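# Geometric and topological summary
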Amino acid sequence: MAENVTTQRQTPGAIGAYVKNVRDTAKSFWEGMSVTLSYMFRKPITTQYPDRVPVPVRDTIPPRYRGFLEVDMDICTACQACERACPIAVINIDILKGDGKITPKLRMERFDIDIGKLRFVPDPLVPAVPYKPPKGSDAFPRRALGEITRALIAAWDAPPPPFPSKEQLEGDSGAAHGKPKPAGLDPTAMGRQLAAKALQVKEDKPKLAKVFEEAMAGTDCGDCGYADCKGYSEGLASGKDFSPEKCAPGGADSKAMLETILVSLKSGKVPEAPAAEAPPPAETKAPAAEAPPPAEAKAPAAEAPPPAEVPAPGTDAEAPPPATPEPGDRGPLR
Amino acid sequence: MDSYLTPYIPVLILLLLAGVMCAAISVLAGYLGPKRIFGVKESAFECGSPTTGEPNARHSVKFYLVALLFIVFDVESVFIYPWGSLLRDFHAEGLGWFAYLEMLSFMGTLALGLVYVWRKGALEWS
Amino acid sequence: MQGWIDSLIRGWGQDPATWPWTQIVYVAFMGLFAFIVINFAAITAGIFSWAERRVAARMQSRVGPNRVGPGGFLQWVADAVKLLTKEDLVPAEADNFLFRIAPYFMMVGFACVFVALPFSHRLVIADMNIGIFFILAVTALIVVGIIMSGWSSNSKWSLFGAIRSAAQIISYEIPAGMALMIPVLLAGTLSTQGIIRAQGGWPWQWFVFDNPATFAAFFIYFISALAEGNRTPFDLPEAESELVSGYNTEYSGMRFSYFFLVEWGNMWVMSALASTMFLGGWQIPGVSAAQLDAMTGGRAVAFELLSLAIFAGKTLFWVFVVMWLRWTLPRIRVDQMMNMCWKYLVPVSFAAVIFVAGWMLVVRAAPAVGTVTHWIMFLAAGVLPAAFFINRVARNIHDTGDKFDFTSNW
């Protein structure tokens, strides 16, 4: 646009600058407007996601795309090993110990991956955390890398599910209301129960090891230095190991329980409920929270995997692929 | 009715109707819109922080200068309009050159004024 | 319009001069036309808001709003409904009364322009003998509305925006007034219809190609109108990077939308005025105004619609140019804006008036000079630049290996 005329004197130079300004203005209009008009007559380069793309979205992902962040909720034991292994704290896992029953099994409350922090640097085929199959199964239902994401994207391409009817909605909410909310575990009470059990089987080392294992998180994460929970509990039972704080997923609760067992094994009797450790409210609350009888509650809790709290809609809609464990490809979790 | 004022009846009607329609739509919007007023929402916008100082603080004197210049030049250009619309009639009467020179002297005075404020630096904004 | 109502009354078997109900019929019809015109103004403003977004999107290689209605055409209706259901907020420290009525001033000033603005050969609400002067006067009401809104908001941004806007609008009123003076000189009347009648249907009969000074005056008027309408590159009053949103910062909901309604509606006003004053208005090529006057019956209606279409076509072209400019040029600074007005447009417009007044004397002495100049101007300033420009645009497309594609992906 019009530049400032540097001098006000009406010398030929000033007039020349004046005329030059007018000419520059006209020229910049000419140039600029020809450029914008030419763009107006071209095809827009933006892609109209998601309904006017030439190919389905699932086909637009490059084949070597490595940005898959997948958590197979069906096999996750909430051991938090990946959270601890992550160098930039991308993974955030909240866990709840127990599911309202007398078991120290962990239950996942939240599994967040902060994509903003993520750098996609490590090769996803080289796992940061070695994956070990859960107890009782020599193979695990690991899915192929990227399968969950691709299933999700396929679900986006599919037409949305119909709106639920009013009855369905009411039925669902009623069911959700009826469910008892799982409460936290009372480690003190459970520690004493386990200690009593341990005293009974004091001489039977394998049985004692089982009791110790009950007090652990049972994720076989290997953080304690042993291969799995069984190794750690055997070490404790045989008297080779005396440190109760090695179970990282179990945290303070496992430590307290293991400590109680170790102390009672040493002293020969279950310690009385100390006022400082287990205040009366916890005592009165415990029966209410632990309403279902332990015997029948324990069996399903031990076998069923922890329920995924935040199931992605796509994974639910898509039928899970047949669990075909590939022997050579059992390394990565993600 | 006086035929001289007849063209202004529509102006009056349009004036009233525009005002009434605006007011009606505003009232309608007042009924349709929510009313959730609280302190922060009611305060004047200042990038999210509490307002500091008076909004009607001093403004650059240049704005006032522009207003003065506007009065001078706009009022003068208003005088040119009657002459402009009658120039053809002057031509028909054979007074073309007279009318031209008359207005040339007037506009020359005006141009002198412009040169004066320009040289005085009243048009410098940088 | 009055003549049309007179003939209608005669059709009913009454004499408009003596019939007692004549005045009532006038007022009733005027009210009806006023209602139509206000709605026309509001609807064109709404449609322009959609059109501007589509044009902007195409120029930025995007698609733009295309979901509501065919090609997104009903987007503006959706926006209007949304704005209607928004909260009407008045800041606690604002001057309640002034704050509430400021948008009305804008709307009223804007709507009044349409009284004198022609649409076609017969279609003008009131063909006033001071038409242009009236338009210049009532557009000043918009400044009052802007100052009011800025002052009453009691916010720094609003007041800064309002003062800038006022300084800008009043400054550019001078070159605009002087540039509009030139068609008045050539036509010898202030009436908008009279000015159109003084021109012809063919481009070389338009005032813009009358002589070099009128050509310059057309652009002076157009630039000044952009500045008066707060359009880019002169949208400093709403410079969002420095003033948040200028004088309408504190407004919300429907009151806020009035400001933008006026801004977009002003695009029609400035373009219609440009085509009235410089581009032959509704004149149909090959058909003189006298021939149009003499027509009756269905033929008259057909030619009336043709003249309406021609006028609307010219106007919409310049509306498009206004949008096109907005997405081409960056915003200028305050000092550049003031320099542009006072050091370039004002002196040049004064010189143009003096030149045209002298030119008229020359043409009166030697009419052939005028005819030759028309043709030379038409070819040198109209046809040649247009051809070069189209060539340039085509080269811009082809040189980058791209191709013309205006139809796909709407």
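Here is what the cut-offs are and how they apply
Here the residue numbering is sequential within each chain, running from 1 through the sequence in written order. Chain labels run from A onward and ligand labels from 1 onward, assigned in the order the entries are written. Whole-chain, interface and lining totals are the exception, using all residues; otherwise, since this is a predicted model, local features are given only for residues with pLDDT of at least 70 and side-chain atom pairs are given and counted only at 80 or more. Only hydrogens and water are set aside; all other atoms, that is, all heavy atoms of the structure, feed into the side-chain values. Every helix listed is a DSSP run of H or I at least four residues long, and every strand listed is a run of E at least two residues long, numbered separately from the N terminus. Exposure classes here rest on a 1.4 Å probe applied to the protein chains alone. A residue is buried below 20% of its type maximum, exposed above 50%, and partly exposed in between. Here a residue-residue contact requires only that any non-hydrogen atoms of the pair lie within 4.5 Å. Accessible areas in this description were obtained via Shrake-Rupley with a 1.4 Å probe; residue shielding takes into account the shown protein chains only. Two parts placed together each lose some accessible area under a 1.4 Å probe, and the buried area is that loss summed for both. Every case where a carboxyl oxygen of Asp or Glu lies within 4 Å of a side-chain nitrogen of Lys or Arg is listed as a salt bridge. Any N or O atom pair separated by 3.5 Å or less is treated as a polar contact, with the protein-specific requirement of one donor-capable and one acceptor-capable atom, and with residues adjacent in sequence counted only for side-chain atom pairs. Polarity classes work like this: nonpolar for Ala, Val, Leu, Ile, Met, Phe, Trp, Tyr, Cys and Pro, charged for Asp, Glu, Lys and Arg, and polar for all others, with Gly in that last group. Note on definitions: the grid is 1 Å and covers protein atoms alone; a cavity is a set of points where a 1.4 Å probe fits but cannot get out; a pocket is an open set with protein on both sides within 12 Å along at least five of seven lines; lining residues have an atom within 4 Å of a point. Grid points are joined across faces, edges and corners, and a volume is the space filled by probe spheres set on the points. In this description, a nonpolar core means a group of buried Ala, Val, Leu, Ile, Met, Phe, Trp, Tyr and Cys residues linked to one another through side-chain atoms lying within 4.5 Å. Throughout, an axis means a line fitted to C-alpha atoms (over the contacting stretch in the case of helices), and angles, computed between N-to-C directions, take values from 0 to 180 degrees. Definitions for this section: a left-handed crossing has its near helix turned counterclockwise from the far helix by less than a right angle. A right-handed crossing has that turn clockwise. Aromatic pairs are defined between Phe, Tyr and Trp rings, using the six-membered ring for Trp, whenever the two ring centres lie within 6.5 Å; interplanar angles under 30 degrees are classed as stacked, those over 60 as edge-to-face, and all others as tilted. Comment: the charge-over-ring label is applied if NZ (Lys) or CZ (Arg) is within 6 Å of the ring centre and within 35 degrees of the ring normal. One confidence number per residue, pLDDT, is output by the predictor and ranges from 0 to 100.

Attention shifts here to the overall build of chain B. Along the backbone of chain B there are 4 helices and 0 strands. Counting from the amino terminus, chain B carries its helices and strands in the arrangement α-α-α-α. Taken over 126 residues, chain B has a buried fraction of 35%.

Glancing now at the overall build of chain C. Secondary structure assignment for chain C yields 14 helices and 0 strands. Helices and strands appear in chain C in the N-to-C order α-α-α-α-α-α-α-α-α-α-α-α-α-α. A buried classification covers 63% of the 410 residues belonging to chain C. Restricting to contacts in chain C with at least 6 residues of sequence separation, those with at least 24 account for 76%. Accessible surface, chain C as shown: approximately 14900 Å² in total, 70% of it carbon and sulfur.

Taken together, the contact pairs 81 residues of chain C with 69 residues of chain B. Summed over both sides, the interface of chain C with chain B buries roughly 6800 Å², with 76% coming from carbon and sulfur. Counting across the chain C and chain B interface gives 0 salt bridges. Inspection of the region where chain C meets chain B yields 7 residue pairs in polar contact (both at pLDDT 80 or more). Of all the elements in the fold, those that place two or more residues in the side of chain C that touches chain B are helix 2 (22–59), helix 4 (96–116), helix 5 (131–153), helix 6 (156–187), helix 10 (253–277) and helix 13 (334–365) of chain C. With 19 residues, the single largest contributor to the side of chain C that touches chain B is helix 6 of chain C. Class assignment of the residues belonging to the side of chain C that touches chain B gives a composition of 55 nonpolar, 15 polar and 11 charged.

Right, let's get into empty space enclosed by the protein. Residues and elements named next belong to chain C. Applying the stated rule across the entire model yields 9 cavities of 30 Å³ or more. Of the pockets and cavities examined, the largest cavity occupies roughly 210 Å³. Together, 16 residues line the largest cavity, and Thr-139, Ala-225, Glu-228, Asn-266 and Val-269 are the ones closest to its centre. Elements with a contribution of two residues or more to the lining of the largest cavity: helix 5, helix 6, helix 8 (212–228) and helix 10. When residues of the lining of the largest cavity are assigned to their parent elements, the largest contribution, 5 residues, is made by helix 5. Looking at side-chain class alone, the lining of the largest cavity contains 12 nonpolar, 3 polar and 1 charged residues.

This paragraph deals with the nonpolar core. Residues Trp-83 of chain B together with Tyr-221 and Trp-342 of chain C are the most contacted members of the largest nonpolar core, which totals 181 residues. Broken down by element, the residue count for this core peaks at 19 residues, all from helix 6 of chain C. Residues in contact with Trp-342 of chain C, not counting those within four places in the same chain, are Val-66, Leu-69, Phe-70, Phe-73, Leu-114 and Leu-123 of chain B together with Ser-171, Ile-174 and Pro-347 of chain C. Formed by 23 residues, the second largest nonpolar core is a distinct cluster that contains Met-190, Val-201, Ala-215 and Ala-237 of chain A.

Bringing the side chain of Ser-165 of chain C into the picture now. Residue and element names in this part refer to chain C. Among the secondary structure elements, Ser-165 is positioned in helix 6. Accessibility expressed as a relative area gives 0% for Ser-165, which makes it buried. Those residues within four positions of Ser-165 in sequence are excluded, and the remaining contacts are Ile-146, Asn-230, Pro-237 and Tyr-247.

Let us now look at the packing of helix 8 of chain C against helix 13 of chain C. The relative placement of two packed helices comes down to the angle between their axes together with the axis-to-axis distance. All names here are of chain C. Axis separation between helix 8 and helix 13 bottoms out at 9 Å; the angle between their running directions is 145 degrees. The element helix 8 and its partner helix 13 pack so that their crossing is left-handed. Between helix 8, through Pro-212, Ala-213, Thr-214, Ile-220, Ile-223 and Ser-224, and helix 13, the contact on the second element is made entirely by Met-340, Leu-345, Val-348, Ser-349, Ala-352, Phe-355 and Val-356. Within the contact of helix 8 with helix 13, the residues separate by chemical class into 10 nonpolar, 3 polar and no charged.

Counted according to the given criterion, the structure contains 39 aromatic pairs over all chains. Ring geometry for Tyr-251 of chain C and Phe-259 of chain C: centres 4.8 Å apart, planes at 75 degrees, overall edge-to-face. Between Phe-260 of chain C and Trp-264 of chain C, the ring centres sit 5.7 Å apart and the planes meet at 50 degrees, which makes this aromatic pair tilted. Taken together, the residues Phe-260 of chain C and Trp-264 of chain C, both in helix 10 and 4 residues apart, mark about one turn of the helix. In terms of burial, Phe-260 of chain C and Trp-264 of chain C fall into one category: buried. Above the ring of Tyr-39 of chain A, the side-chain terminus of Arg-42 of chain A is found at 4.1 Å from the ring centroid.

Moving on to the environment of Pro-56 of chain A. Positionally, Pro-56 of chain A belongs in the loop between helix 1 (12–40) and helix 2 (81–85). As for Pro-56 of chain A and Ala-158 of chain A, which are separated by 102 residues in sequence, their C-alpha atoms are 9.7 Å apart.

Residue and element names in this part refer to chain C. On the secondary structure map, Pro-285 appears in the loop between helix 10 and helix 11 (289–294). Overall, the relative accessible area of 35% leaves Pro-285 in the partly exposed class. Distance in space between the C-alpha atoms of Pro-285 and Gly-200 is 7.2 Å, their sequence separation being 85 residues.

The next point concerns the confidence of the model for chain C. Overall, the predicted model of chain C reaches an average pLDDT of 85, with 98% of residues at or above 70. Two numbers describe this predicted complex: its pTM, 0.69, and its ipTM, 0.86.

The next subject is unusual backbone geometry. Residue and element names in this part refer to chain C. Unusually for a residue other than glycine, Ser-61 sits at a positive phi of about 60 degrees. Positioned with a positive phi, Asn-154 is a non-glycine residue whose angle comes to about 60 degrees. Here Asn-154 is to be found in the loop between helix 5 and helix 6.

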